[in-house]
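Structure assessment
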Amino acid sequence: AEKVFLQSWFQYTIFELNGLDFGNLECLDGNFWTKESINILEKYKFNKDVDSDVYPTPDNCYYAILDGKSQLHKKVKGVQEAIGHAIKYKYPYKVISPSSYTEYVEELSGMVGLIFLPTVPETFSRVYIEAKYLDINIISNNNIGAKRSSWNEDVFFPNKMFMFNNSASNTVWKQLTQ
């Protein structure tokens, strides 16, 4: 391949450590969402009761654990590890199995946080980014590429959530088609 586009520097490092750097690696340090997906995230971003005197704590709110679609997917996404963590530290939790993206974002936005402990490297992790974008707490491990990105600590980082048909994706598309 003339160019291999990678989602994160974590993924880049994995390629390098496995001898897969042939001088054609390009790190995007971001990922793509459709305009529709960004609109759904925006709609639910502020799905919090701002007038409430009750602040989210592990005693009164749930942490989401995203269910896997198959036994292998559950293993890779660390569903049992997340449940074990919630039980060990007494975090109330709900395992969610949304049937659509809108349902997933709506459910996630109504939680105090996400417990996500993948057992293998997640080269970027859209789940992590979407939870961060929704401004909920995240309990995670170091298998998440986006967590290691320099922009991870930015309060606002939509410039790394590339939308199809915006200038960032057009630049990438031009590189892909050259």
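Data block above holds the structure.
Just so it is clear, the structure is predicted and the values come from calculations on it, not from any experiment. (Residues numbered from 1 in each chain as written. Predicted model: local features only at pLDDT ≥ 70, side-chain atom pairs only at ≥ 80, totals over all residues. Heavy atoms only, no water.)

This part covers the environment of Gly145. By the secondary structure assignment, Gly145 is in the loop between β7 (137-140) and β8 (161-163). For Gly145, a relative accessible area of 0% corresponds to the buried category. Spatially, the C-alpha atom of Gly145 lies 4.4 Å from that of Phe124, the residues being 21 residues apart in sequence. Setting aside residues up to four positions removed in sequence, Gly145 forms contacts with Ser8, Phe10, Glu122, Thr123 and Phe124. (Helix = DSSP H or I, 4+ residues; strand = E, 2+ residues; numbered from the N terminus. Buried < 20%, exposed > 50% of the residue type's maximum accessible area, 1.4 Å probe, protein only. Contact = heavy atoms within 4.5 Å.)

So, on to unusual backbone geometry. Although it is not a glycine, Lys90 sits at a positive phi angle of roughly 60°. On the basis of relative accessibility, which here comes to 67%, the residue Lys90 falls in the exposed class. The phi dihedral of Asp135 is positive, around 60°, even though this residue is not glycine. Take Asp135: its relative accessible area is 63%, and that puts it in the exposed class.

An order of β5-β4-β6-β7 is seen for the 4 strands of this open sheet, with the pairing classed as parallel. Sheet topology places β5 (93-96) and β7 at the edges, where each strand pairs with a single neighbour. Adjacent strand axes in the sheet meet at a mean angle of 25°, parallel and antiparallel pairs treated alike. Where strand β4 (residues 63-66) lies against strand β6 (residues 113-116), 2 bridges are found, and the strand directions are parallel. In the strand pairing of β6, Tyr63 is matched with Gly113. (Pairing = 2+ DSSP bridges. Axes fitted to C-alpha atoms, helices over the stretch in contact; angles between N-to-C directions.)

Restricting attention to buried positions, one finds in helix α2 (residues 35-45) the residues Ser37, Ile38, Ile40, Leu41, Tyr44 and Lys45. Down the axis of α2, the buried side of the element spans an arc of 160°, and every buried residue falls inside it. Along α2, exposed side chains directed more than 90 degrees from the buried face belong to Glu36 and Lys43. (Arc of directions from axis to C-beta.)

Our next topic: the nonpolar core. In this structure, Val105, Leu108 and Leu114 are the most contacted members of the largest nonpolar core, which totals 23 residues. Elements represented by at least two residues in this core include exactly α2, α5 (101-109), β6 and α6 (126-133). Ignoring anything within four residues of it in the chain, the contact list for Leu108 reads Ala64, Leu114, Ala131, Leu134 and Ile136. Formed by 10 residues, the second largest nonpolar core is a distinct cluster that contains Tyr63, Val79, Ile83 and Ile139. (Core = buried A, V, L, I, M, F, W, Y, C linked by side-chain atoms within 4.5 Å.)

Everything listed here is a matter of geometry and, on its own, says nothing about what the molecule does.
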